[in-house]
Structure formats: structure tokens, C-alpha cells
Amino acid sequence: KVLICLKQWYQRRVRGKGTRFRPLSLEIAKPLFPLAGRAMIEHHIEACSKLNDMQEVILIGSEPTSEMTPFVREASTKYGVSVVYLQEYKPLGTAGGIFHFRDQIRKGNPSSFFVMNADVCCDFPLQEMLNSHMRHGRNDVITIMGTEVEKAHSSLYGCIVANDANNNEVEHYVEKPETYVSNTINCGIYVLGIGVLDHIKSLFNEQEKLSTGDSDSQGLERNILTKYAGSRKLFVYRHHGFWSAVKTPGTAVFSSQFYLSRQRDINPDRLAQGPNIIGDVYYNNSNTFELEQRAMSSGLGATPVSKADHYSTFQKRRPFSIEEDDYEDIKSSKEQ
């Protein structure tokens, strides 16, 4: 059985977090921001609902439960899966969140579970990744989804050095290195065998004995993956499809463009139709208007805005330029 765990990276706006996503995050939590007419994390849940023997989707974050409950109820009904939201008492980091809610994760005796960052856009080959993970035949193994980026951009991410001749075993992992390590990067999507929980527990016990720093808050990348590398327990699933992080308004528009173009191939009924509609368009009656013009050779598209008669265009940049300030890409004002 499989348990899906979606990790939300968004922290409360009042604490000054998520600033790169402003002004879009001023009125709505980043995980609920619409991409192609659906909440950012709804794309994750839809992909998870197609997995074989999938038990439950857990959303872990620090947003108030009252803000997440309507979405959770709607998603559970819409996709026919159990979706629950667990609120952290403070930001715990990915490994910290897993450890704090370990009893909920173990419920139902899953053999493995996914951990996914909320702010990624992908075509989500989850079943293929799970099949690759299960072939290792152990319950203490972690599989990372990895993809290739240009050398100049690789240091913005966790970098993976893997042995292709040995089942893609990860021999070395560095989170956001200062110098070049590899152009294979961490996509923020993982499969963890249920036995990994014991390793995370030992990490917290060690931190508690040392009494160093905040022992409740632990990151998965720096505290777990770095130590797992070279232990024959960490592997990479190489993804050759679409992937992008959603860190800024510019990448949000780029991600909407991908999701809309994908609907044309897998579910065209979700797209608006009509003689005056150009490109892949989603429109709903709440006056949310999203437009992506795939036919324009210049790569122009429109940003999500509040009124159908007001939209602006942006010049699309490379898909992985997420650490720079992309606000100039969007020419609309905060009021729009």
C-alpha cells in the first residue's frame, strides 16, 4: 500500500515568508494559488489519485486548519480519495513534519509513501517512480526524482551524483552547493520506504542528546539525504519529462502554460472552446481568467488576473531561473 504525503513549503505571510511569490501570495496561501484553474497542490492530488493501492493524501503545513478545510473537503470528494490536513505547531522542516506526524503516516501499514514539495509543477510519473522504488526490495530505501538542468543553474538545487551502472545509486548528494557538483538535480519528489521512519527517529534522538539548535525542525535534504548518500539506500529515478519549481509569479505563469497545454492532450473538455479563443484557455464563472498562447513564436502568454477584460503579457524566460527576481516578467499591477 502507498501513503501520499504532500509537504507544503509555504509559511505564514505575517512571518515574512513566501516573499518571492508576492503580490500573488498576499491574499491566498501559495499551495492554493490556482495554476490552470486549479489549486497548485490539486495537481499533485489528482496525480496521486491515479496510483494503485493509494490509501491517503496528507497535507502538512503551518496554514490555519480553517483556511485549508474547504479545499480538503472538495478534493476528497472530487478525486475519491482520503485527503487530510495536519497543521504543524511551528515550521518543522520536511523531516520534522514526517517525524511529528509519524503515527498518521504509519496508519494503515503502508509499505512506502511519497513526500512531495507543494511548489513543484510536473507531469508526475508517480506509478513509474514507485515501480522503480519497489524493485529495490527493501523498506529502508529512499528514491529521489531527479532531472537534468544546465550546469549554470544546478547550484540552485540539491545536486545528485549517481552511479548509472549500479541501479542509479546515489553516491553523493549536496544541497545547493557553492561549486559545481552535478547537473542532475533534486525535483522535490521522493518515495520513502516505511523503514526510513526509524532512521529519522534515530536522528531526532541524537539531536535531543546533543541539545544543539532546534531539534524539532529538521530538513529532509540536509539531514537525511546527505547522510543516506553512499549507503546503498538512496537511489535516483531519472525523469525526462516536464518539471519546474514554482517560486515566483513568472514561474507560476510558466507552470500554468504547461498544465493548460497538457489538458489539450489528456482532457480537452476542461479547456474553453469558441471562435474567439486563441490558444489553451481556462475560464470559470468567478471571473478568474487564465490564458496561455502556445502558438506565438515569441513565447508570450498572459498572467492570471481578476477580470477577463484586463490581462498582461510576459516574456518567457528559461524554466529554471527561479532564484532571480521575476516580478518584472509580469507587467500587471497589484490591483489587476
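Keep in mind the model is a prediction, meaning the values are calculated, not measured.

## Notes on the overall build of the protein
Thought 1: When you go through the protein residue by residue, the secondary structure sums to 8 helices and 17 strands.
Thought 2: Burial statistics for the protein: of 336 residues in total, 52% are counted as buried.
Thought 3: Here the protein displays about 15300 Å² of accessible surface, and carbon together with sulfur accounts for 46% of that area.

## Things to note about helix 3 (residues 93-100)
Thought 1: Most of helix 3 is tucked away, with 7 of its 8 residues classed as buried.
Thought 2: Where helix 3 is concerned, the buried positions are Gly93, Thr94, Ala95, Gly96, Gly97, Ile98 and Phe99.

## Here we look at the packing of aromatic side chains
Thought 1: Counted according to the given criterion, the structure contains 5 aromatic pairs.
Thought 2: An angle of 10° between the planes, with centres 4.3 Å apart, marks the rings of phenylalanine 99 and phenylalanine 204 as stacked. Placement of phenylalanine 99 in helix 3 and of phenylalanine 204 in helix 6 (residues 196-210) is noted, with a sequence separation of 105 residues between them. Across the pair, phenylalanine 204 and phenylalanine 99 agree in class, each one buried.
Thought 3: A connected cluster of aromatic rings, assembled from ring pairs, spans Phe242, Phe254, Phe258 and Tyr259.

## What to know about unusual backbone geometry
Thought 1: Unusually for a residue other than glycine, alanine 36 sits at a positive phi of about 55°.
Thought 2: Tracing the chain through its elements places alanine 36 in the loop between strand 2 (34-35) and strand 3 (38-39).
Thought 3: Notably, arginine 232 is not glycine yet its phi reads approximately 65°, a positive angle.
Thought 4: Within the element layout of this structure, arginine 232 appears in the loop between helix 7 (220-228) and strand 12 (234-238).

## What about the confidence of the model for the protein?
Thought 1: Taken over all residues, the pLDDT of the protein has a mean of 77, while the share at 70 or more is 74%.
Thought 2: Segment residues 5-16: pLDDT under 50, and 59 contacts once partners within four positions in sequence are set aside and those in other chains are kept.

## Some thoughts on helix 2 (residues 65-79)
Residues lying three or four places apart along an α-helix face the same way, a consequence of the helix completing one turn every 3.6 residues.
Thought 1: End to end, helix 2 covers 20 Å across 15 residues, agreeing with the expected 21 Å (1.5 Å per residue, within 8%).
Thought 2: Where the residues of helix 2 are buried, they touch strand 3, helix 1 (40-48), strand 4 (54-61) and strand 5 (82-87).

## Here's the deal with the pairing of strand 6 (residues 112-117)
Thought 1: With 6 of 6 residues buried, strand 6 lies mostly within the body of the structure.
Thought 2: Where burial is concerned, the two faces of strand 6 agree: the one with Ser112, Phe114 and Met116 and the one with Phe113, Val115 and Asn117 are both buried.
Thought 3: Relative to strand 11 (residues 184-193), strand 6 runs antiparallel, the two being bridged by 5 bridges. Within strand 11, the residue paired with phenylalanine 114 across the bridge is valine 191.

## Concerning the pattern of salt bridges
Thought 1: If you walk through the whole model with that rule in mind, you get 12 salt bridges.
Thought 2: With a shortest N-O distance of 3.2 Å, arginine 238 and glutamate 148 are connected by a salt bridge. One end of the pair, arginine 238, is in strand 12; the other, glutamate 148, is in strand 8 (residues 142-148), and 90 residues separate them in sequence.
Thought 3: A single network of salt bridges, built from pairs that share partners, joins Arg38, Glu42, Glu46, Lys78 and Arg270.

## Here's the deal with the pairing of strand 4
Thought 1: In terms of burial, strand 4 is largely enclosed, as 7 of its 8 residues are buried.
Thought 2: Of the pairings in the sheet, the one linking strand 4 to strand 5 comprises 6 bridges and is parallel in character. Bridging from a neighbouring strand, glycine 61 pairs with glutamine 87 of strand 5.

## A few points about the packing of helix 1 against helix 2
Thought 1: With their axes 11 Å apart at the nearest point, helix 1 and helix 2 run at an angle of 30° to one another. Looking at the two axes, helix 1 sits roughly parallel to helix 2. In terms of crossing hand, the pair formed by helix 1 and helix 2 is right-handed. On helix 2, the residues touching Ile41, Glu42, Ile45 and Glu46 of helix 1 are Met68, Phe71, Ala75, Lys78 and Tyr79.
Thought 2: The residue inventory of the contact of helix 1 with helix 2, partitioned by class, reads 6 nonpolar, no polar and 3 charged.

About the cut-offs
Residues numbered from 1 in each chain as written. Predicted model: local features only at pLDDT ≥ 70, side-chain atom pairs only at ≥ 80, totals over all residues. Heavy atoms only, no water. Helix = DSSP H or I, 4+ residues; strand = E, 2+ residues; numbered from the N terminus. Buried < 20%, exposed > 50% of the residue type's maximum accessible area, 1.4 Å probe, protein only. Areas by Shrake-Rupley, 256 points an atom, 1.4 Å probe, with all protein chains shown as cover. Phe/Tyr/Trp six-rings, centres within 6.5 Å; stacked < 30°, edge-to-face > 60°. pLDDT = per-residue confidence, 0-100. Contact = heavy atoms within 4.5 Å. Expected span 1.5 Å × (residues − 1). Pairing = 2+ DSSP bridges. Salt bridge = Lys/Arg side-chain N within 4 Å of Asp/Glu carboxyl O. Axes fitted to C-alpha atoms, helices over the stretch in contact; angles between N-to-C directions. Parallel < 35°, antiparallel > 145°, perpendicular 65-115°, else oblique. Left-handed = near helix turned anticlockwise from the far one by under 90°. Nonpolar A, V, L, I, M, F, W, Y, C, P; charged D, E, K, R; others polar.

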